[in-house]
Amino acid sequence: MTAAVPSAALADRRVPPLGGFSLTFLRLEVRRLLRNRRTMVFTLVMPPAFYLLFGGLSEAYRTDSAGRGNVSAYLVISFAVYGSMLANTSAGASVAVERALGWSRQLRLTPLNPVAYMVTKVLTAMVVGALSVAIVNVVGLVTGAAHMPGWVWVVSALVAWLGAIVFAAFGLFIGYLVPSENVMQLLGPVLALLALMGGIFVPLDQLNHTLQDVAKFTPAYGVGVLARAALLDTGVDVAAIANVVVWTALFAAGAVWRFRRDTARV
Amino acid sequence: MTQTTPREATAATRAPAVALRGLTKRFGTVTAVDGLDLTIQPGEIVAVLGPNGAGKTSTIDMMLGLSRPDAGTVEVFGTSPRSAVAHGLVTAVMQSGGLLKDLTVAETVELTAALFAHTRPVAEVLERAGLTEKAGRRVAQCSGGEQQRLRFAMALLPEPELIVLDEPTTGMDVEGRREFWNAIRADAERGRTVVFATHYLDEADAYADRIVLVSGGRVVADGTAAEIKARTAGRLVTATWAGISTPEAVALRALRGVEDVELRGDTVLVRAADSDAVARHLLTTTPARDLQITSRGLEDAFLALTTPGAPS
């Protein structure tokens, strides 16, 4: 009889709400990411630097029009998407480092639910992604070359920010797939290739036809098209939305699959 | 009518801290834990002692819900390990790893505290783990002993009923080990249940009320340090017996429970499981005097019980 009765101590104690999700945890996660010099250079310095290097301030881009603005504005949006991609992937992939260090195991000795952990990772990705998008846009604004209507600045920045959630899922998936502390060294070139194929660095019509057809099915394509839609006045592209939704679902499913294998083995 | 009688409350709190029944864990063809049974009552300080590969860590992992048994059951305070963890009833100090190098000591504790429903204040657990002066230090800059005290501070946060320590002092220097155990000891005086795995015999001897000796994934001995020492190797009875003859020595050897008799001049050494019977015999029926009874070391017991093929 007594063995079957849970301890009285159990009744006195509560399980935290929301699976242990907390703003303190989120704040410390963001602080950790901001403290990491490599991540900072990667996600906050490189995208605006690329905007300047790729000729964002050049006379030609300033005068060439692109939809409701000029080519410089097109580049601002592209590199905001790129920054958001990098920030989201870095934050997601940080689980690889935490697994390598045994921190994931340590967290399993707390009430933290794995879903709450992943949500925290995605939110961390979005906070740093917002910073990255903001920096590219601020550099675009203060250097004065980019021109587009005010609402286009706002809409394209928001879409670049939110659409890159596909890369938070991508980062999580890779983070659970690759047991390495150096996962971002692998992901840097992969992201550059995806950005190229997604038409982030150069417009897709500059690639050959076969590549263009393949490119439409790569994960950076959807968010790129959607982010530029307001500037280029192309309306809502259903295929681009489908691209983001399907890739996000695939990466999230991959992350959950690897996570399950991970915890079964430990 | 709504009043709870003290007896009911007592019965409820008497769910064992840990109840393992027929616990089994296999990794491929290797059986790491082989039908292990163990019950630990609240307030006990128990050392799980055994050689490497005895199944200590596998058992602890299942106790904490980090892995699932292939057979058998685990209950912690009458509930599942995962539920006990979520309620903050049980925490653990693991052997190594499990810390983020880029956080400070205080941040690590603050983060962990944020994940529980209710915890002691961060400053308090840092104090209890002797880390107040190291609060602002990055984890990467902490010594092995400091990192281990940090894990201990994290484990103290929810004021758990049970703390599990897996080989907590591996890789620490003597001073680090002493400080670590002082912190644990001071804490255990509050009545917390402590279970620790170790392969350091002196730690088990010095800090545990009860030693559970594990070998080949099973419990091979269970009791106080003194009981285990006596149970396996028996005790050594030494006496001075001037002019003891060989037939007299042979007669001693024939007594029940005597394992060995050795003569060194006028000194006779008798190894026996029942040292009291030997002592009584020597003092009442022989001229032996200056009797001494000593336990053989825990190390002898450990080797005898955990070495395959050795008599136990």
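Residues numbered from 1 in each chain as written. Chains lettered and ligands numbered in written order. Predicted model: local features only at pLDDT ≥ 70, side-chain atom pairs only at ≥ 80, totals over all residues. Heavy atoms only, no water.

Caption draft 1: Region of the structure containing the overall build of chain B. In terms of regular secondary structure, chain B is built from twelve helices and 13 strands. Dimensions of chain B, computed from the C-alpha atoms along their principal axes, are close to 75 × 50 × 50 Å. Looking at chain B residue by residue over its 312 residues, the buried ones come to 52%. For chain B, the share of sequence-separated contacts (at least 6 apart) that also reach a separation of at least 24 residues comes to 68%. Charged side chains of chain B number 33 positive and 39 negative; the gap between the two group centres comes to 2 Å. (Helix = DSSP H or I, 4+ residues; strand = E, 2+ residues; numbered from the N terminus. Buried < 20%, exposed > 50% of the residue type's maximum accessible area, 1.4 Å probe, protein only. Contact = heavy atoms within 4.5 Å. Lys, Arg positive; Asp, Glu negative; His and termini not counted. Charge placed at Lys NZ, Arg CZ, Asp CG, Glu CD.)

Caption draft 2: How the structure looks around the interface of chain B and chain A. The partner chain A presents 36 residues to the 46 residues of chain B that form the contact. Summed over both sides, the interface between chain B and chain A buries roughly 3,700 Å², with carbon and sulfur atoms accounting for 60% of that surface. At the surface where chain B touches chain A, the tally comes to six salt bridges. Ionic pairing is found between A:Arg27 and B:Glu110, a salt bridge with its closest N-O pair at 2.7 Å. Our count for the chain B to chain A interface comes out at 13 residue pairs in polar contact (both at pLDDT 80 or more). If you list the elements that add at least two residues to the side of chain B that touches chain A, you get α1 (6–13), α3 (81–86) and α4 (105–114) of chain B. Its residues placed into classes, the side of chain B that touches chain A shows 23 nonpolar, 13 polar and ten charged. (Buried area = accessible area lost by both parts, 1.4 Å probe. Salt bridge = Lys/Arg side-chain N within 4 Å of Asp/Glu carboxyl O. Polar contact = N/O pair within 3.5 Å; in protein donor to acceptor, adjacent residues only side chain to side chain. Nonpolar A, V, L, I, M, F, W, Y, C, P; charged D, E, K, R; others polar.)

Caption draft 3: Focus on helix α11 (residues 275–285) of chain B. All names here are of chain B. Inspection of α11 places Ser275, Val278, Ala279 and Leu282 among the buried residues, and these make up the whole buried set. Each buried residue of α11 sits inside an arc of 100 degrees when the element is viewed along its axis, so together they form one side. For α11, the exposed residues set more than 90 degrees away from the buried face come down to Arg280, Thr284 and Thr285. Elements that come into contact with the buried residues of α11 comprise β10 (235–240), α10 (246–253), β11 (258–264), β12 (267–272) and β13 (289–295). (Arc of directions from axis to C-beta.)

Caption draft 4: Structural context of the packing of α4(B) against helix α6 (residues 144–156) of chain B. Residue and element names in this part refer to chain B. The contact between α4 and α6 brings their axes to 9 Å, and the two run at 25 degrees. Judged on the interaxial angle alone, α6 and α4 are roughly parallel. Once α4 is placed against α6, the crossing between them reads as right-handed. Residues Val105, Thr108, Val109 and Thr112 of α4 lie in contact with α6, whose contacting residues are Leu150, Ala153 and Met154. (Axes fitted to C-alpha atoms, helices over the stretch in contact; angles between N-to-C directions. Parallel < 35°, antiparallel > 145°, perpendicular 65-115°, else oblique. Left-handed = near helix turned anticlockwise from the far one by under 90°.)

Caption draft 5: View of the packing of aromatic side chains. Applying the stated rule across the entire model yields 18 aromatic pairs over all chains. Geometrically, the ring pair formed by B:Phe152 and B:Phe180 is edge-to-face, given 6.0 Å between the ring centres and 70 degrees between the ring planes. Within this pair, whereas B:Phe152 is found in helix α6, its partner B:Phe180 is found in helix α7 (residues 174–188), the two being separated by 28 residues in sequence. The burial state of B:Phe152 is the same as that of B:Phe180; both residues are buried. Ring geometry for B:Phe180 and B:Trp181: centres 5.9 Å apart, planes at 75 degrees, overall edge-to-face. Per residue, the accessibility class of B:Phe180 equals that of B:Trp181, and both read buried. Aromatic ring contacts, followed pair by pair, group A:Phe50, A:Phe54, A:Phe79, A:Tyr82 and A:Phe201 into a single cluster. (Phe/Tyr/Trp six-rings, centres within 6.5 Å; stacked < 30°, edge-to-face > 60°.)

Caption draft 6: A look at the pattern of salt bridges. Taken as a whole and judged by the stated rule, the model has 29 salt bridges over all chains. Across the pair B:Glu175 and B:Arg178 runs a salt bridge, and its minimum N-O distance is 3.1 Å. Placement of the pair is B:Glu175 and B:Arg178 together in helix α7, with a separation of three residues, close to one helical turn. The class for B:Glu175 is partly exposed, based on a relative accessible area of 39%. B:Arg178 sits in the partly exposed class, given a relative accessible area of 43%. Each of A:Glu29, A:Arg32, A:Glu98, A:Lys121 and B:Asp102 takes part in a single network of salt bridges with overlapping partners.

Caption draft 7: Spatial organisation of the sheet that holds strand β7 (residues 193–198) of chain B. Residue and element names in this part refer to chain B. Reading across the sheet, the six strands line up as β5-β6-β7-β3-β8-β9 and stay open at both edges, with mixed pairing between neighbours. The open sheet has two edge strands, β5 (90–93) and β9 (218–223), and neither has a second partner. Ignoring strand direction, the axes of neighbouring strands in this sheet form an average angle of 20 degrees. As paired elements, strand β6 (residues 162–166) and β7 share five bridges and run parallel to each other. Within the sheet, the bridge partner assigned to Leu165 lies in β7 and is Phe196. Against the sheet, α6 makes contact with β5 and β6, and its axis sits at roughly 175 degrees relative to β5, the strand it touches most. (Pairing = 2+ DSSP bridges.)

Caption draft 8: Representation of the confidence of the model for chain A in the model. Residue and element names in this part refer to chain A. Residues at a pLDDT of 70 or more form 94% of chain A, whose mean pLDDT is 88. Element-level pLDDT for chain A is lowest in helix α1 (residues 8–11), with a mean of 64, against a maximum mean of 95 in helix α8 (residues 150–163). Note that pLDDT drops below 50 for residues 1–5; the model gives that stretch eight contacts with residues more than four away or on any other chain. (pLDDT = per-residue confidence, 0-100.)

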